[in-house]
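Spelled out, the chains give:
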Amino acid sequence: MMKHDILKMQDPEVFASITGEVRRQTETLELIASENFTSRAVMEACGSVMTNKYAEGYPGKRYYGGCEYVDIAENLARDRAKQLFGCEYVNVQPHSGSSANMAVLFSVLKPGDPIMGLDLSHGGHLTHGSSVNFSGQLFDAHSYGVDRETGIIDMNKVEEMAMQVRPKLIIAGASAYSQGFDLKAFRQIADKVGALLMADVAHPAGLMAAGVMPNPMEHCHFVTTTTHKTLRGPRGGMIMMGKDFENPLGITIKTKTGSRVKMMSEVMDAEVMPGIQGGPLMHIIAGKAVAFGEALQPEFKVYAQQVKDNAAAMAARFLGLGYHIVSGGTKNHLMLLDLRNKEVTGKVAENLLHDAGITVNKNMVPFDDKSPFVTSGIRVGTPAMTTRGMKVAESEQIAGLIDRVISAANQPDIADVCKQVKAEIRELCLSFPLDGYGPLI
Ligand SMILES: *Cc1c(COP(=O)(O)O)cnc(C)c1O
């Protein structure tokens, strides 16, 4: 019996959209750096009865009755996350990475306070101070960037800006940056200007949890992440603190004997709920617990190392084929190709690769002269293909296939090239079936 047989009978239209998506995920190659395939166990938890339960509050302190079983799931998620990242505090309730960031910003800033984050067009995220996002609209946001020549963040410039701006919060982290962040240096700058430091590790969280990238906890006041990128869990967010501390705004709480300054953990929990969210998604939190359990297994370390090895092999092949990679290479799971020397825009490349069965996203490159709807680059990542079991040989093969499409972009036979590559990609994907992961119907 198929998984969605009831849905198929009751609502054939929605069912058809899901079967279409299953086919797409099965037969085409996913290279979007922020995507992955969760395990079937994670999907079972997310598709479970826990979606029916209201559980405002936290384990043992809920505003609703009947929470004894969802409490077990949330406690498992919290305990496993603490073990995974070696942190004292975690909140697993944020519905998304953006909500996690919103909770941190609202918990320690007042409207109009100065903040610093990586420029969106240099690889940063909307929630790091972009003018079209709450972070740029409610706060006095200043963006640091990468060096025009090297494509790498210039820490001297970061320090210079911090001295000038005197931010209350500095955000380190990115969505399209293939180097690591020197969080020790960021912390020194933050301490020098009296700022708090938040690392948003939404992208590399899985690599950090596996120990193949440095753990951010010791250098940061706050670490936020998504749970669905390299961490390979369900779609959601999470907030962590290596060590708890007294909240810097001096918010107090009444006690029997008078009052005391609240710990940051208390302020943060209250910021997530009731501050910015209502009821937690308990089915997703159960899925997070399952995913963290998987990430604690030795196999996950092997997976994370392979993600990095595949990205390195792909980058080397692209460099060999004359591609320009922003920052010169990769130390994580992704790379940003600047296609200006190939006379193709990001938009055209994304569309042609789609026709060839390869999914990537167009992406601004630093100092881009094109709009965000056109762009000069594409972002390529290895987390999802590595979950399928692909290794270095396939990574090199894929770089070659991408090059075949991009090299032919301005040729009259481009449609034929896309068709040929699509057939090869389909064959490649079908020879790496998603056993235990991904599509299920
Ligand atoms: C993906 C991402 C987020 C946001 O995650 P959503 O779940 O899409 O809100 C936040 N920060 C960074 C750096 C990201 O890459």
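Just above sits the structure.
Residues numbered from 1 in each chain as written. Predicted model: local features only at pLDDT ≥ 70, side-chain atom pairs only at ≥ 80, totals over all residues. Heavy atoms only, no water.

Q: Talk me through empty space enclosed by the protein; I want residue IDs and the actual numbers.
A: In this approach a probe as big as a water molecule rolls over the atoms, and the regions it shows empty are the leftover space. This structure, assessed with the given rule, holds one cavity of 30 Å³ or more. Considering only enclosed or pocket space, the largest cavity measures out at about 60 Å³ in volume. Taken together, H122, V146, G151, A176, Y177, S178, V326, S327, L336 and P366 form the lining of the largest cavity. Its residues placed into classes, the lining of the largest cavity shows six nonpolar, four polar and no charged. (1 Å grid on protein atoms, 1.4 Å probe; cavity = no way out; pocket = protein on both sides within 12 Å on 5 of 7 lines; lining within 4 Å. Points joined across faces, edges and corners; volume = space filled by probe spheres on them. Nonpolar A, V, L, I, M, F, W, Y, C, P; charged D, E, K, R; others polar.)

Q: Which residues make up the site of the ligand, and what values go with them?
A: Contacts to the ligand come from 13 residues, most closely from G97, S98, S175, D200 and K229. In this structure, S175 approaches the ligand through a side-chain N or O atom, which is 2.8 Å from an oxygen atom. Contact distances for the ligand include 2.5 Å between a nitrogen atom and a side-chain N or O atom of D200. Protein contacts shield 86% of the accessible area of the ligand, which totals 380 Å² for the unbound molecule. Among the elements that make up the shell around the ligand, the one with the highest residue count is helix 5 (residues 97-108) (three residues). Looking at side-chain class alone, the shell around the ligand contains two nonpolar, nine polar and two charged residues. (Near = heavy atom within 4 Å. Polar contact = N/O pair within 3.5 Å; in protein donor to acceptor, adjacent residues only side chain to side chain. Areas by Shrake-Rupley, 256 points an atom, 1.4 Å probe, with all protein chains shown as cover. Helix = DSSP H or I, 4+ residues; strand = E, 2+ residues; numbered from the N terminus.)

Q: Please set out helix 12 (residues 298-320) residue by residue, giving values where relevant.
A: Taking 1.5 Å of rise per residue, 23 residues should cover 33 Å, and helix 12 covers 34 Å from first to last C-alpha, within 8% of that figure. All buried positions along helix 12 are accounted for by F300, Y303, A304, Q306, V307, N310, A311, A313, M314, A315 and F318. (Expected span 1.5 Å × (residues − 1). Buried < 20%, exposed > 50% of the residue type's maximum accessible area, 1.4 Å probe, protein only.)

Q: For the layout of surface pockets, give the residues involved together with the corresponding values.
A: In this structure, the largest pocket encloses a volume near 800 Å³. Taken together, 27 residues make up the lining of the largest pocket; nearest its centre are E21, Q25, T38, M43 and G438. Per-element tally for the lining of the largest pocket: the top contributor is helix 2 (residues 12-27), with six residues. Residue composition of the lining of the largest pocket, by class: ten nonpolar, ten polar and seven charged. In this structure, the second largest pocket encloses a volume near 530 Å³. As for the second largest pocket, its lining consists of 21 residues, of which L120, S175, N361, N363 and R379 are closest to the centre. Counting residues per element, the lining of the second largest pocket draws most heavily on strand 16 (residues 361-363), at three residues.

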